[in-house]
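Residue-level structure breakdown
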Amino acid sequence: KMDYKARSGNIQGVLAKLLQEFEGNLAQAKAKETDAVALYEKLMEAKGVEKKSAEDALAKMEKETGARELSKAEAKDELTALTAQVENDKKYIAQVQTSLAEKKQEWKD
């Protein structure tokens, strides 16, 4: 009987040691998990701000590109209109010069 008690005491001692190790490991794992969760949340917050900033920049860039395209289209329309106006002015000047030459000729005669 004594022999049995001695062996069971050793077994209980080993089991108690294992329990302490497991509890210590569990506490460390929980602490690491808590730190990892906090780090993850901080990272996600930073990435969320970064994403929002990128989306805002993209939206602004799309507006600017749209405005540039609109300005480019307006400039092309204006160029076409001005080119037509110059052609019309040249025709008018030619008509006036012809008319002037005719009037000069009439007044000379």
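Below or above, wherever it landed, is the structure these notes cover. Just so you know, these numbers come straight off a predicted model, no measurement behind them.

What follows covers the overall build of the protein. Along the protein, the regular secondary structure elements total one helix and zero strands. Overall size of the protein, expressed as C-alpha extent along the three principal axes, is 155 × 15 × 10 Å. Just so you have it, the protein exposes about 10400 Å², and 60% of that area is on carbon and sulfur atoms.

Applying the stated criterion to the full structure yields four salt bridges. Two residues, Lys52 and Asp56, come together in a salt bridge whose shortest N-O distance is 3.1 Å. Placement of the pair is Lys52 and Asp56 together in helix α1 (residues 2-108), with a separation of four residues, close to one helical turn. Among the residues examined, Lys52 registers a relative accessible area of 47% and is labelled partly exposed. Assessed through its relative accessible area of 41%, Asp56 is described here as partly exposed. Glu106 serves as the salt-bridge partner of Lys103, at 4.0 Å between the closest nitrogen and oxygen. In this pair, Lys103 and Glu106 both sit in helix α1, three residues apart, roughly one turn of the helix.

Inspection of the secondary structure assignment puts Asn88 in helix α1. In this structure Asn88 comes out as partly exposed when scored by relative accessible area, which is 43%. Along the primary structure Asn88 and Ala46 are separated by 42 residues, whereas in three dimensions their C-alpha atoms are 62 Å apart.

This brings us to a nonpolar patch on the surface. On the surface, Ile11, Val14, Leu15, Leu18 and Phe22 cluster together into a nonpolar patch covering about 490 Å² of accessible area. Here Phe22 is to be found in helix α1.

Time to look at the environment of Lys51. Here Lys51 shows up in helix α1. It is 41 Å that separates the C-alpha atoms of Lys51 and Glu23, two residues lying 28 residues apart in sequence.

Let us look at the environment of Ala46. Within the secondary structure, Ala46 sits in helix α1. Distance in space between the C-alpha atoms of Ala46 and Arg68 is 32 Å, their sequence separation being 22 residues.

Rules used in this analysis
- Residues numbered from 1 in each chain as written.
- Predicted model: local features only at pLDDT ≥ 70, side-chain atom pairs only at ≥ 80, totals over all residues.
- Heavy atoms only, no water.
- Helix = DSSP H or I, 4+ residues; strand = E, 2+ residues; numbered from the N terminus.
- Areas by Shrake-Rupley, 256 points an atom, 1.4 Å probe, with all protein chains shown as cover.
- Salt bridge = Lys/Arg side-chain N within 4 Å of Asp/Glu carboxyl O.
- Buried < 20%, exposed > 50% of the residue type's maximum accessible area, 1.4 Å probe, protein only.
- Patch = residues over 30% accessible without salt bridge, like charges linked within 9 Å, V, L, I, M, F, W, Y side chains within 5 Å.

None of this, on its own, says anything about what the molecule does.
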